[in-house]
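Fold and contact review
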Amino acid sequence: MVAGTLVAAAGTYQIAGLLLDREHRGLNVSATLAEPAHFSSLESGLLVLCLVGSATLFFRRFGPILRNILRSKKDADFSLSPVGRRVWEFFSEVLCQSKVIRQRPLPGLAHAFVFWGFLAFALVSLNHLANGVGLGFLAPESIVGRFYFLFAAAWALLVAVSIAGLFIRRFFVRPIWLGEKLSYESGWIAFLIFLLMVSYLGAFFVSDAGMAVKALWWTHTLALVVFLPLIPHTKHLHLVISPVTVFLKRDGFSKIPPLAGDEDFGLVAGKDVTQLISLQAYSCVECGRCTEHCPAANTGKVLNPKEIVLGVRSYLNEFGPSSETPLLAESRGAAPTDAHQRLLSMEAAFECTTCGSCEYQCPVGIQHVPIIVGLRRGATNTGAWEDDYGTKLFLALEKHGNALGLGAMERDKFIQKQAFPIFDGTQEYCLWLGCMGGYDPKGREIIADFARVMQYLGTTFGVLKKEKCTGDPARRLGNDLVFQTLAESGLKAFETAKVQKIVAICPHCVRTIANDWREFGVAPEIEHHSEFMARHKDRLPKQGGESIVYHDPCYLGRYQDVYEEPRAVVALAGSLVEAPRSHERSFCCGAGGGLAFLGEEQGERVSHVRAKELAGTGAEVVGTACPFCNTMFRDALTAVSEAPPQLLDIAQLTARAIPASQKEAGGVQ
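As the structure is a computational prediction, the values presented were derived from the model and not from experiment. Positions within a chain are numbered from 1, following the residues in the order the chain's sequence is written. Side-chain atom pairs in this predicted model are given and counted only at pLDDT of 80 or more, local residue features only at pLDDT of at least 70, and totals for whole chains, interfaces and linings cover all residues. Just so you know, side-chain values use all the structure's heavy atoms and leave hydrogens and water out.

Section: the nonpolar core
We apply this condition: We define the nonpolar core as a collection of buried residues of types Ala, Val, Leu, Ile, Met, Phe, Trp, Tyr and Cys that are connected through side-chain atoms lying within 4.5 Å of one another. Three exposure classes are used, based on accessible area relative to the maximum for each residue type with a 1.4 Å probe and protein chains only: buried under 20%, partly exposed in between, and exposed over 50%. Each helix is a run of H or I in the DSSP string that is no shorter than four residues. Each strand is a run of E no shorter than two, and both are numbered from the N terminus.
Tyr-200 and Phe-494 are the most contacted members of the largest nonpolar core, which totals 115 residues. Ranked by residues supplied to this core, first place goes to helix α7 (residues 143–173) with 9 residues. Within the second largest apolar cluster, 37 residues are counted, among which are Tyr-429, Ala-573, Val-621 and Ile-650.

Spelled out as structure tokens, the structure:
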């Protein structure tokens, strides 16, 4: 925003200098399009006909789109509150174009200049058309008029240069994530925007007494009237509706909405598509930011989050929001005849790791993960999705209460071996083990080391006598019945044990308990072990020497905005090394969305891509803060490196520095 202001100011200064010196340079400020030569009644009538025709063509296409949105099913959980947050995000993401610029600085700034230029030109365009019927309200001789037209001229320069650069990028440079198909409509739109700017600036250089200024005026006008009806036929529809989408998007990152009653099974057919989903589908600008960062799309999978959104849009255009036609095709290999099914498939929907990169990157407020989970719900809850691994997972959750399908006795043995006390209400924290911490051998090592850290700090804690999975994999794979059963069981266990505060090593557990369980009740306060240790970092032992590259877990970073706390813990154990993709741009490990339990994946393994990236930093240790990430990298690091770095959770990094005498004491006092 600051850069745009500085450049605009510089442009205004340069144009002002030209105009003040027009007597020597042959320029004429009164010849601007603000006040062209006199119009005849015939010309004014022709202008009115052009405007009516342009508006008619616009609404002829936009009308059905608007009807599809309004006729879609209402979102049962929608609420305008908190309005303050919505206003702030609208100001930041729409008016200031913060996300557009932050995620792709150079092309983002060019897009921002075009947007800000359109805002600057709004008053100019209104005055321009009003002049055609003798109702102009900005006179170039007035102080206000002179300033505003100079200001608009500066923006015209910026927009002309920016749109030319974006045209070159889209049609000649063309990054791969924009897709293979060229959009010639986009080319025409770019040309018309460029023509609008050039025709406006050209009027400064001609005599107001000649025909040149009128020719420029009509060129500018025709560009406007042609531009308007093209908008709803192209991706530039986002100019009209994306500000509304950003303002109305569902509160919370990747928030999965509750089902609306017993007859709601998720996104099965058009009748299940809600107004927010329809609005978001029509807002897609096809920029490919979601594709660029999607772990599935980057490793040879069928899934492309952009195509999921475009598939919903295509479905609505083809069948409408009341259709009973299924949204998902069985697979792309079936050569579906319906246009939407060339983009939507069962295979694609179940390749999503729910990492949230797509949603985080999207500049127009599209929330991809809830849409994809909605499609999974529709397939799972109706029995359309048939997968042996998925069925085995759901049965394990129902029968044993954990995703690994092991008996509760295994967890009991681990608790007894570690001498963990059972939570009785007197301890400060309930230590949540989770499926990985209670049953996975490496996950148990992380729990044991974190328990030593808590003991070292003198923090009292206990574990639940009986504990079931939070239901995270069932939730992300669309099995609402299993998820509800597990959530209600967990809430009852916390209530019975009178738990007040929880700490967990798994970001998936933290997210699910803190957010997803709210459909059925409010759980006690829960935090991730990285937050706990960072809060006590001044009391934790320090060590140094090793270089440690930290991997940001998706469900800790993008989902909960926790980035600096685990880094503060890593810094106690050695020198921190940043991966090429870190913080909010971190690449997924491949385990999320229940995929850790669905067997071998197609194409290149997501975990191998990320492991290679981490090993490539040359760090001696890979630091994790999620047991699922740890699991995925165990084999991956060995597969991609002949001398793989050591793999340790941040709790293990911290526990290594605890004096040996305290380690040997074992258990928890």
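So that's the structure; there's more coming.
Brief notes about the pairing of strand β8 (residues 646–649)
Filter applied, for reference: Pairing between two strands is assigned when DSSP locates at least 2 bridges connecting them. Classification remark: right-handed applies to a crossover when, strands pointing away from the viewer, the course from the first strand over the helix to the second runs clockwise.
Both strand β7 (residues 621–624) and β8 contribute to a ladder of 4 bridges, which runs parallel. Within β8, the position partnered with Thr-624 by the bridge is Asp-649. Tracing the backbone out of β7, into helix α27 (residues 627–640) and back to the parallel element β8 gives a crossover that is right-handed.

Observations regarding the layout of surface pockets
Rule in force here: Buried and open spaces are told apart on a 1 Å grid over the protein atoms alone, a cavity being a set of points where a 1.4 Å probe fits but cannot get out and a pocket being an open set with protein on both sides within 12 Å along at least five of seven lines. Residues with an atom within 4 Å of a point are the lining residues. Grid points are joined across faces, edges and corners, and a volume is the space filled by probe spheres set on the points. For this scheme, ten residues count as nonpolar: Ala, Val, Leu, Ile, Met, Phe, Trp, Tyr, Cys and Pro. Four count as charged, namely Asp, Glu, Lys and Arg, and the remainder, Gly too, count as polar. Per the annotation, domain bounds derive from an automatic or database assignment of domains.
Put simply, the second largest pocket is a space of about 1,100 Å³. As for the second largest pocket, its lining consists of 33 residues, and the residues nearest its centre are Leu-178, Lys-181, Glu-286, Lys-306 and Leu-310. Among the elements of the structure, α3 (41–71), α8 (184–202), α12 (289–293) and α13 (305–319) are those that each provide at least two residues to the lining of the second largest pocket. The element that contributes the greatest number of residues to the lining of the second largest pocket is α13, accounting for 6 residues. Looking at side-chain class alone, the lining of the second largest pocket contains 11 nonpolar, 10 polar and 12 charged residues. Looking at which domains feed residues into the lining of the second largest pocket, each of domain 2 (41–246) and domain 3 (252–380) gives three or more.

Observations regarding the sheet that holds strand β1 (residues 429–432)
Filter applied, for reference: The contact criterion used is simple: two residues touch if any of their non-hydrogen atoms lie within 4.5 Å. In this analysis, axes come from line fits to C-alpha atoms, helices being fitted only over the stretch in contact, and the angle between any two N-to-C directions falls in the range 0 to 180 degrees.
If you trace the 4 strands from one edge of the open sheet to the other, you get β2-β1-β3-β4, paired in parallel fashion. Only two strands of the sheet have a single neighbouring strand rather than two, namely β2 (461–462) and β4 (525–528). Strand contacts of helix α20 (residues 441–457): β1, β2 and β3 (501–504), with the helix running at about 165 degrees to β1, the strand carrying the most contacts.

A look at the side chain of Arg-170
Filter applied, for reference: In this count, Lys and Arg are taken as positive residues and Asp and Glu as negative ones, while His and the chain termini are left out. We count a salt bridge whenever a side-chain nitrogen from Lys or Arg sits within 4 Å of a carboxyl oxygen from Asp or Glu.
Checked against the element boundaries, Arg-170 lands in helix α7. One buried charged residue, Arg-170, forms no salt bridge at all, with the nearest opposite charge on Glu-286 at 6.2 Å. In this view, Arg-170 contacts Leu-178, Leu-182, Ser-186, Lys-235 and Glu-286; residues no more than four positions away in its chain are not counted.

What to know about the packing of helix α4 (residues 83–95) against helix α10 (residues 238–248)
Short version of the rule: We call two directions roughly parallel when the angle between them is under 35 degrees, roughly antiparallel when it is over 145, roughly perpendicular when it lies between 65 and 115, and oblique otherwise. In this scheme, a crossing is called left-handed if the near helix is turned counterclockwise away from the far one by less than a right angle; it is called right-handed if the turn is clockwise.
Close contact between α4 and α10 brings their axes to 8 Å; oriented N to C, the two are set at 140 degrees. Judged by the angle between their axes, α4 and α10 are oblique. For the pair α4 and α10, the crossing hand works out as right-handed. Contacts between α4 and α10 involve Arg-86, Val-87, Glu-89, Phe-90, Glu-93 and Val-94 from the former and Pro-243, Val-246, Phe-247 and Leu-248 from the latter. Here the contact of α4 with α10 is composed, by residue class, of 7 nonpolar, no polar and 3 charged.

So, empty space enclosed by the protein
To locate leftover empty space, one rolls a probe as large as a water molecule over the atoms. Inspection of every chain in the model, using the stated rule, returns 9 cavities of 30 Å³ or more. Put simply, the largest cavity is a space of about 230 Å³. Looking at the largest cavity, it is lined by 20 residues, and the ones nearest its centre are Pro-257, Pro-258, Asp-264, Thr-274 and Arg-377. The element that contributes the greatest number of residues to the lining of the largest cavity is helix α16 (residues 368–381), accounting for 4 residues. Grouping the constituent residues of the lining of the largest cavity by class yields 9 nonpolar, 3 polar and 8 charged. Taken together, domain 2 (41–246) and domain 3 (252–380) each give at least three residues to the lining of the largest cavity, which thus spans both. When its volume is computed, the second largest cavity comes out at roughly 120 Å³. Lining the second largest cavity are 17 residues, with Cys-435, Cys-469, Cys-506, Cys-509 and Phe-628 sitting closest to its centre. Where the lining of the second largest cavity is concerned, the elements lending two or more residues are α19 (434–439), α21 (472–477), α23 (507–514) and α27. The element contributing the most residues to the lining of the second largest cavity is α19, with 4 residues. Per-class residue counts for the lining of the second largest cavity are 12 nonpolar, 4 polar and 1 charged.

A closer look at the sheet that holds β8
Judged by pairing direction, the sheet is parallel, and its 4 strands sit side by side in the order β6-β5-β7-β8 without closing on themselves. The outermost strands of the open sheet, each flanked by one partner alone, are β6 (575–578) and β8. For this sheet, the mean inter-axis angle between neighbouring strands, taken without regard to orientation, is 35 degrees. Here strand β5 (residues 547–550) pairs with β7 via 3 bridges, running parallel.

Some remarks on α20
The condition that has to hold: One less than the residue count of a helix, multiplied by 1.5 Å, gives the span that helix is expected to have. Polar contacts here mean pairs of N or O atoms no more than 3.5 Å apart (in protein, one a potential hydrogen donor and the other a potential acceptor; neighbouring residues in sequence count only if both atoms are side-chain atoms).
Between the first and last C-alpha of α20 there are 25 Å, a value that for 17 residues agrees with the 24 Å anticipated at 1.5 Å per step. With 12 of 17 residues buried, α20 is to be regarded as a mostly interior element. For α20, the full list of buried residues reads Gly-443, Arg-444, Ile-446, Ile-447, Ala-448, Asp-449, Phe-450, Ala-451, Val-453, Met-454, Gln-455 and Leu-457. Of the residues that open α20, the one with a side-chain oxygen 3.3 Å from the backbone nitrogen of Lys-442 is Asp-440. Two residues or fewer after α20 comes Gly-458, characterised by a positive phi angle close to 80 degrees.

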